[in-house]
Amino acid sequence: MRHVLTLFELSSEEIGEVFALSHELKRDLAAGIREPHLPGRVMAMLFEKQSLRTRVSFETAMAHLGGNTLFLGQDVGWGKRESTADFAQVLSSYVDIIVCRTTAHSRIEELAKYCNCPVINGLTDSAHPCQALADLFTLEEIHAPLKGKKLAFIGDSNNVARSLAVCCGKLGVEFAVASPKGYTFDAEFLAELKREVPELVLTQTADPREAVSGAIGVYTDVWTSMGQEAEAEERKLAFKDYQVDVALMEAAPEGAVFLHCLPAKRGEEVAADVIDGHYSAVIPQAANRMHVQKGLIAWLLGERA
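It should be emphasised that the depicted structure is a prediction, and the values quoted were computed from it without experimental measurement.

A. How the structure looks around the pattern of salt bridges. Throughout the structure, instances matching the rule amount to twelve salt bridges. For Lys26, the salt bridge is made with Glu141, and the minimal N-O distance between the two is 2.8 Å. A residue pair is termed long-range when its members are at least 10 positions apart, and Lys26 in helix H1 (residues 12-30) and Glu141 in helix H5 (residues 129-143) qualify at 115 residues. Residue classification places Lys26 among the partly exposed residues on the basis of a relative accessible area of 24%. When the shortest N-O distance is used, the salt bridge between Glu231 and Arg235 registers 2.9 Å. For Glu231, a relative accessible area of 31% gives the class partly exposed. Overlapping salt bridges bring together Asp156, Glu231 and Arg235 as one network.

Structure representation (structure tokens):
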């Protein structure tokens, strides 16, 4: 049984297979072809957090593949009405695949432990694998081949940054993170990176200009994520020198693109003239969530376009 809870679980070759399938399905869609590769298949979407891109992109992807989705919110009582073991075994006996968007990563690990169908992480506090796959897929479309290139991330070393680090390592992309003190990768995650992705070339710095030097992509995320609202003022102070503005983009090589997982706060982590200007690839990046997840679903369920 294959799950995708983090990108540590996929090999470089397997990511390549998902990308190849995603490219093929994307080309088909652009040509008006929506062949139902997964007729009758059902996806459960177990969400404990708000969502636009993750929910709509997964639902649309499954519809294009000929399957159906069930959106499951707080009313199903996960972790409240019965044990996770009972919940997971029953749910996975009804459906073919589960997408879970939750808080603590331990919750999705426990869920997957008892499921008899694939589980995809739609976001936890420590990983966002589908986002990172779509991000590198987008960069590949713009700057192929990716191997030997560099991606810079400016800001909090959060779940998105962690998944990007793993994905970059798997695909031979150098990864540089610029963060203030207290917001860098923790020692446990760094040890896991070194053990599981020893080929990753990783730079951690406090200087955004150092991070973007030589980078084909400059990435940032909000300074305060869902669940961190009480830290908002403290984080604004910590990250005040980490905004991606035109001056920072100009410190990157010509042709570098700006990336953001959205939603964005213009005037905080990114200047409006960057995210809304010619540097920005955020809309194609968001659109690619659907294409890559479509490929991932088809790959996990053993289908080929």
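Alright, that's what it looks like, and here's the rest.
B. Quick peek at the sheet that holds strand S2 (residues 68-72). Pairing within the open sheet is parallel, and its four strands lie in the order S2-S1-S3-S4. Only two strands of the sheet have a single partner each, and these edge strands are S2 and strand S4 (119-123). Within this sheet the neighbouring strands show an average axis-to-axis angle of 20 degrees, counted without direction. As paired strands, strand S3 (residues 97-101) and S4 are joined by four bridges and run parallel to one another. Along S4, the bridge assignment pairs Arg101 with Leu123. Contacting strand S1 (42-47), S2, S3 and S4, helix H2 (residues 53-64) runs over the sheet at an angle of about 175 degrees to S1.

C. Examining the packing of aromatic side chains more closely. Taken as a whole, this structure holds nine aromatic pairs when the rule is applied. Pairing Trp223 with Phe239 gives two aromatic rings, centres 6.1 Å apart and planes at 20 degrees, and the pair type is stacked. Here Phe239 lies in the loop between helix H9 (232-238) and helix H10 (246-251) and Trp223 lies in the loop between strand S8 (217-220) and H9, a separation of 16 residues in the sequence. Residue Phe239 is classed as buried on the basis of its relative accessible area, which comes to 0%. Among the aromatic residues, those joined into a cluster by ring pairs are Tyr183, Trp223, Phe239 and Tyr242. Taking NZ or CZ as reference, Arg55 lies 3.6 Å from the ring centre of Phe71, over its face. The cationic tip of Arg162 hangs over the ring face of Phe189; the distance from NZ or CZ to the ring centre is 4.2 Å.

D. Just the packing of H2 against helix H12 (residues 282-300), in detail. One way to put it is that H2 packs onto H12 with a least axis distance of 8 Å and a crossing angle of 50 degrees. Between H2 and H12, the crossing angle belongs to the class labelled oblique. Here H2 and H12 pass one another in a crossing that is right-handed. In this structure, H2 uses Arg53, Thr54, Ser57, Phe58, Thr60, Ala61, Met62 and His64 to contact H12, whose residues at the interface are Ala286, Arg289, Met290, Gln293, Lys294 and Ile297. Residues of the contact of H2 with H12, tallied by class, amount to six nonpolar, five polar and three charged.

E. Expanded view of the pairing of strand S5 (residues 150-154). Across the five residues that make up S5, a large majority, five, are buried. Here S5 shows no split at all, with Lys150, Ala152 and Ile154 on one side and Leu151 and Phe153 on the other all buried. Pairing geometry for S5 and strand S6 (residues 174-178), over five bridges, is parallel. Across the sheet, the residue bridging to Lys150 is Glu174, located in S6. In this region the chain leaves S5, passes through helix H6 (residues 159-171) and returns to the parallel neighbour S6; the handedness of that crossover is right-handed.

Rules of the game
- Residues numbered from 1 in each chain as written.
- Predicted model: local features only at pLDDT ≥ 70, side-chain atom pairs only at ≥ 80, totals over all residues.
- Heavy atoms only, no water.
- Salt bridge = Lys/Arg side-chain N within 4 Å of Asp/Glu carboxyl O.
- Helix = DSSP H or I, 4+ residues; strand = E, 2+ residues; numbered from the N terminus.
- Buried < 20%, exposed > 50% of the residue type's maximum accessible area, 1.4 Å probe, protein only.
- Pairing = 2+ DSSP bridges.
- Axes fitted to C-alpha atoms, helices over the stretch in contact; angles between N-to-C directions.
- Contact = heavy atoms within 4.5 Å.
- Phe/Tyr/Trp six-rings, centres within 6.5 Å; stacked < 30°, edge-to-face > 60°.
- Lys NZ or Arg CZ within 6 Å of the ring centre and 35° of its normal.
- Parallel < 35°, antiparallel > 145°, perpendicular 65-115°, else oblique.
- Left-handed = near helix turned anticlockwise from the far one by under 90°.
- Nonpolar A, V, L, I, M, F, W, Y, C, P; charged D, E, K, R; others polar.
- Right-handed = clockwise from strand over helix to strand, strands pointing away.

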